[in-house]
Amino acid sequence: MELSTKNRDEALYYKAQILESPGELQNITEALSTYQTLTKDYAASKYWDKANKRIIYLKRFYLEGR
C-alpha cells in the first residue's frame, strides 16, 4: 500500500475492516490505527465519516470498556 497513490483512503478503510472482523487476522489495535491514519491523512475522503465512527466505537467497546 505504501507505493499506491490512487484510492489509498479506500484501501486503508478496507484494510481496517478486515483487521476488525472476527477471525485469524483480527487485530483491533491495528484496525484502530489504520482508521486513524485514514482520518488524519485523508480529511476529504468519502470514507472519513465511516472511519471516524468506527474509531469511536472501537475505543468505546474494545479499549476503554463500557
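Structural notes, computed from the coordinates. Everything numeric here is computed off the predicted structure, so don't read it as measured data. (Residues numbered from 1 in each chain as written. Predicted model: local features only at pLDDT ≥ 70, side-chain atom pairs only at ≥ 80, totals over all residues. Heavy atoms only, no water.)

A few points about helix α1 (residues 8–20)
Part 1: Between its first and last C-alpha atoms α1 spans 18 Å; for 13 residues at 1.5 Å apiece the expected length is 18 Å, and the two agree.
Part 2: Tucked inside the fold, the buried residues of α1 contact α2 (28–41) and α3 (48–63). (Helix = DSSP H or I, 4+ residues; strand = E, 2+ residues; numbered from the N terminus. Expected span 1.5 Å × (residues − 1). Contact = heavy atoms within 4.5 Å.)

Structural notes on the packing of aromatic side chains
Part 1: Overall, the coordinates contain six aromatic pairs when judged by the stated rule.
Part 2: Feature note: the residues Tyr 13, Tyr 14, Tyr 35 and Tyr 47 constitute an aromatic cluster, connected by ring pairs. (Phe/Tyr/Trp six-rings, centres within 6.5 Å; stacked < 30°, edge-to-face > 60°.)

So, the side chain of Asp 9
Part 1: Tracing the chain through its elements places Asp 9 in helix α1.
Part 2: For the buried residue Asp 9, which engages in no salt bridge, the nearest side chain bearing the opposite charge is Lys 46, 7.4 Å off.
Part 3: Sequence-distant contacts of Asp 9, that is, excluding residues within four places in its chain, are made with Leu 38, Tyr 42, Ser 45, Lys 46 and Tyr 47. (Buried < 20%, exposed > 50% of the residue type's maximum accessible area, 1.4 Å probe, protein only. Lys, Arg positive; Asp, Glu negative; His and termini not counted. Salt bridge = Lys/Arg side-chain N within 4 Å of Asp/Glu carboxyl O.)

Topic: a nonpolar patch on the surface
Part 1: Together, Tyr 57, Phe 61, Tyr 62 and Leu 63 make up an exposed nonpolar region whose accessible area comes to about 370 Å².
Part 2: Among the secondary structure elements, Phe 61 is positioned in helix α3.
Part 3: Judged by relative accessible area, which is 32%, Phe 61 ranks as partly exposed. (Patch = residues over 30% accessible without salt bridge, like charges linked within 9 Å, V, L, I, M, F, W, Y side chains within 5 Å. Areas by Shrake-Rupley, 256 points an atom, 1.4 Å probe, with all protein chains shown as cover.)

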